[in-house]
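Listed below, chain by chain, are the residues.
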Amino acid sequence: MTALLELEEVHAGYGPTSVLHGVSLSVPEGGVVSLLGANGAGKTTTLRAITGGVRWTGDIRFAGRSLRRMPTEEIVRRGIAHVPEGRGICTELTVDENLKLGSHLRRDGPEVRKDYDRVFEYFPVLKERRRLSASTLSGGEQQMLAVARALLMRPRLMLLDEPSLGLAPMVVRSIFEIIRTINQTSNVAVLLVEQNARIALEMSSSAYVLEVGRVAVHGAGSELQDNESVRRSYLGY
Ligand SMILES: Nc1ncnc2c1ncn2[C@@H]1O[C@H](COP(=O)(O)OP(=O)(O)O)[C@@H](O)[C@H]1O
Ligand SMILES: [Mg+2]
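From N to C terminus, the protein includes 10 helices and 10 strands. Expected size for 237 residues packed as a compact globule is a radius of gyration near 18 Å; at 17 Å, the protein falls within 12% of this value. Taking the principal axes of the C-alpha coordinates as reference, the protein spans close to 45 × 40 × 35 Å. Burial statistics for the protein: of 237 residues in total, 40% are counted as buried. Considering only contacts within the protein whose residues lie at least 6 apart along the sequence, 68% involve residues at least 24 apart.

Here it is, written out as structure tokens:
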């Protein structure tokens, strides 16, 4: 499989603080890759580097093209949708208005309408609540809204930052199932940041474990799941 996204020796940080110390990873076209690791390891910073939210050196390539010095809006237009930590939805807006933020850059009206239909198939609750304020949604529904909004950008790659955070286990299950369905039916590749390693590995073809800004372990999802010492040392289960 050819790589859709490739990070090569990426260094990044905030002002004088360096956080990533040479991270290399790749996500194949249509694949699901998880990025695991303890709190503070640099997972969120890695996603921010990809979408141009933090300064970096090294190289990041998407669909064969370097993203160096590319503005975030252009990165989004090229097909990367970022669902940030904490979901990033606007609770002052309605569900519909939040969804429009996902599709507003697109000029392919009829295709946009098809994507709305598809999104409402994945998340019927969002259709029922279209006209309500996003603040009336539960945590799980807000996460669904964030994923739905990203899908309306019709991305080739979705970056998901801890979609399970703060959600009840049953809700987490259903969100991961939808993410899996989206990946399989819409052929969207996924780079999934998770602290919940067990559930992330179940659906990932490969995984990277970050430890203080470096890749400590990399392997097939099943390989990491089966490796007891990796599980104990890095994944906490
Ligand atoms: N905006 C910021 N300014 C300064 N330091 C930050 C900022 N965001 C994160 N950091 C620091 O970068 C390190 C990695 O954070 P982060 O990428 O959020 O890790 P993770 O997502 O794996 O928990 C942490 O030490 C954190 O304190
Ligand atoms: Mg984080």
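For the rest of this paragraph, the subject is the sheet that holds strand E7 (residues 157-161). With respect to topology, six strands assemble into an open sheet ordered E6-E7-E8-E3-E9-E10, the strand pairing being mixed. Pairing within the sheet leaves two strands with one partner each, and these edge strands are strand E6 (80-83) and strand E10 (214-220). Averaged over all adjacent pairs, the angle separating strand axes in this sheet is 15 degrees, with direction ignored. Across five bridges, E7 lies against strand E8 (residues 189-194) in parallel orientation. Note that in E8 the partner of leucine 159 across the bridge is leucine 191. Of the strands in this sheet, strand E3 (32-36), E6, E7, E8 and strand E9 (206-211) touch helix H1 (residues 43-50), which is tilted by about 150 degrees from E7.

Before going further, it helps to examine helix H3 (residues 95-103). For H3, the full list of buried residues reads Val95, Asn98, Leu99, Gly102 and Ser103. Down the axis of H3, the buried set is contained in an arc of 145 degrees. They therefore lie on one face. Packing partners of the buried residues in H3 comprise helix H4 (109-122), helix H5 (124-128) and helix H6 (139-151).

Here we come to the domain arrangement of the protein. The domain architecture assigned to the protein consists of domain 1 (1-79 + 183-237) and domain 2 (82-154). Between the C-alpha centres of domain 1 and domain 2 the distance comes to 24 Å. At the junction of the two partners, domain 1 supplies five residues and domain 2 supplies four residues. Among the residues making up the side of domain 1 that touches domain 2, the classes are represented as two nonpolar, two polar and one charged.

Criteria and thresholds
Residues numbered from 1 in each chain as written. Chains lettered and ligands numbered in written order. Predicted model: local features only at pLDDT ≥ 70, side-chain atom pairs only at ≥ 80, totals over all residues. Helix = DSSP H or I, 4+ residues; strand = E, 2+ residues; numbered from the N terminus. Rg over C-alpha atoms; globule rule 2.2 N^0.38 Å. Buried ≥ 20, exposed ≤ 12 C-beta atoms within 10 Å, placed from the backbone. Contact = placed C-beta atoms within 7 Å. Pairing = 2+ DSSP bridges. Axes fitted to C-alpha atoms, helices over the stretch in contact; angles between N-to-C directions. Arc of directions from axis to C-beta. Domains from an automatic or database assignment. Nonpolar A, V, L, I, M, F, W, Y, C, P; charged D, E, K, R; others polar.

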